[in-house]
Amino acid sequence: MSIERELSKRSGSKCELCGNEENLKVYQVLPTQKGGIDEAILACNTCIDQIENPDNVDLNHWRCLNDSMWNENIPVQVVAWRMLSRLRAAGWPQELLDMMYLDEDTLAWAQATGEGEDDENKLVHRDSNGVVLQHGDSVVLIKDLKVKGSSMVAKQGTAVRNIRLDHENAEYIEGKVDGQQIVIITQYVKKI
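Residues numbered from 1 in each chain as written. Predicted model: local features only at pLDDT ≥ 70, side-chain atom pairs only at ≥ 80, totals over all residues. Heavy atoms only, no water.

## Overview of the overall build of the chain
Inference 1: The secondary structure content of the chain amounts to six helices and ten strands.
Inference 2: Principal-axis analysis of the C-alpha atoms places the extent of the chain at approximately 55 × 45 × 30 Å.
Inference 3: Residues classed as buried in the chain amount to 37% of the 192 residues present.
Inference 4: Approximately 11200 Å² of the chain is accessible, and the part contributed by carbon and sulfur atoms is 43%.
Inference 5: Across the chain, the centroid of the 21 positively charged side chains sits 8 Å from that of the 31 negatively charged ones. (Helix = DSSP H or I, 4+ residues; strand = E, 2+ residues; numbered from the N terminus. Buried < 20%, exposed > 50% of the residue type's maximum accessible area, 1.4 Å probe, protein only. Areas by Shrake-Rupley, 256 points an atom, 1.4 Å probe, with all protein chains shown as cover. Lys, Arg positive; Asp, Glu negative; His and termini not counted. Charge placed at Lys NZ, Arg CZ, Asp CG, Glu CD.)

Here is the structure:
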């Protein structure tokens, strides 16, 4: 059974956030470990657009989180927590956040993208051109890099797909080059 069919069955063919029944898609909740239904939700185009583009957020649309934050499915809880955290300055989202409970692992997953942190404390990873990097992005190396602890040289022009962000240092990302997981300094990459 496809992920979309499983999610459709789980959600009753409705957006798991707002209940919309049209224009539904599978939305992977980053960062993913294995993929699949346990790391995805079924969401409408409106919700996905507003999740991915904070400038498009319609505050009243997210009043639906009053219901969906109680969903039994962990990926739905994670997205609800992230959106409530993003919108908490409006007042009512903070009240909902105060009522919400996530176990330790689920909260760590929800916080993995930096949502919920104060903007001044939030680590922002930027490539050599100042473009913000996100978990799962693809980048290309802009210079040959010697890999510490190995004789390998990562060549300029090498694409690194599905990067991971270092949550302690904004200058480091991780990715696979020639099958080997390495740490890369962000000033030597450009987002594709």
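Back to the text.
## What to know about the packing of helix H4 (residues 74-87) against helix H5 (residues 92-99)
Inference 1: Where H4 contacts H5, the two axes come as close as 8 Å, and the packing angle between them is 140 degrees. Classified by the angle between their axes, H4 and H5 sit oblique to one another. In this structure, H4 crosses over H5, and the sense of that crossing is left-handed. When H4 is examined against H5, the residues Trp81, Leu84, Ser85 and Leu87 are found in contact with a partner set consisting of Trp92, Pro93, Leu96 and Leu97.
Inference 2: Tallied by class, residues from the contact of H4 with H5 come to seven nonpolar, one polar and no charged. (Axes fitted to C-alpha atoms, helices over the stretch in contact; angles between N-to-C directions. Parallel < 35°, antiparallel > 145°, perpendicular 65-115°, else oblique. Left-handed = near helix turned anticlockwise from the far one by under 90°. Contact = heavy atoms within 4.5 Å. Nonpolar A, V, L, I, M, F, W, Y, C, P; charged D, E, K, R; others polar.)

## Comments concerning the state of the cysteines
Inference 1: Enumeration over the complete set of coordinates arrives at zero disulfides.
Inference 2: Cys18 supplies the cysteine sulfur nearest to Cys15, a cysteine that is in no disulfide, at a spacing of 3.8 Å.
Inference 3: Using a relative accessible area of 4% as the deciding quantity, one classes Cys15 as buried. (Disulfide = S-S within 2.5 Å.)

## As for the domain arrangement of the chain
Quite often, the size of an interface is put as the accessible area lost when its parts meet.
Inference 1: If you check the domain split of the chain, you get domain 1 (3-120) and domain 2 (139-191).
Inference 2: Distance from the C-alpha centre of domain 1 to the C-alpha centre of domain 2: 30 Å. (Domains from an automatic or database assignment.)

## Examining the confidence of the model for the chain
Inference 1: Considering every residue of the chain, the mean pLDDT works out to 90; 96% of them sit at 70 or more.
Inference 2: Averaged pLDDT values for the elements of the chain fall to 86 in strand S7 (residues 164-165) and rise to 97 in strand S2 (residues 40-44). (pLDDT = per-residue confidence, 0-100.)

## Describing the sheet that holds strand S8 (residues 172-177)
Inference 1: The antiparallel open sheet is built from three strands, whose spatial order is S7-S8-S9. In this open sheet, the two strands that pair with only one neighbour each are S7 and strand S9 (180-185). (Pairing = 2+ DSSP bridges.)

## Section: the nonpolar core
Inference 1: Within the largest apolar cluster, 29 residues are counted, with the highest numbers of intra-cluster contacts made by Leu17, Ile41, Trp62, Leu65 and Leu84.
Inference 2: Secondary structure elements with two or more residues in this core: S2, helix H2 (45-52), H4, H5 and helix H6 (104-111).
Inference 3: Non-local contacts of Leu65, meaning those with residues more than four positions away in its chain, are made with Leu17, Ala80, Met83, Leu84 and Leu96. (Core = buried A, V, L, I, M, F, W, Y, C linked by side-chain atoms within 4.5 Å.)

## A short note on the sheet that holds strand S6 (residues 159-160)
Two pairing modes exist for strands in a sheet, parallel and antiparallel, and in both the strands are linked by backbone hydrogen bonds.
Inference 1: Pairing is antiparallel in the open sheet, where three strands are placed in the order S6-S3-S10. A single partner strand is all that each edge strand has here, and the edge strands are S6 and strand S10 (189-191).
Inference 2: Here strand S3 (residues 139-141) pairs with S6 via two bridges, running antiparallel. What sits directly across from Val140, in S6, is Ala159.

## Remarks on H6
Inference 1: Those residues of H6 not exposed but buried are Thr106, Trp109 and Ala110. Looking straight down H6, one finds its buried side chains confined to an arc of 100 degrees; they lie on one side. Exposed residues pointing more than 90 degrees away from the buried face of H6 are listed as Glu104 and Asp105.
Inference 2: On its buried face, H6 is in contact with H4.
Inference 3: Between the side-chain oxygen at the start of H6 and the backbone nitrogen of Asp105 there is a gap of 3.1 Å, and the oxygen is on Asp103. (Arc of directions from axis to C-beta. Polar contact = N/O pair within 3.5 Å; in protein donor to acceptor, adjacent residues only side chain to side chain.)

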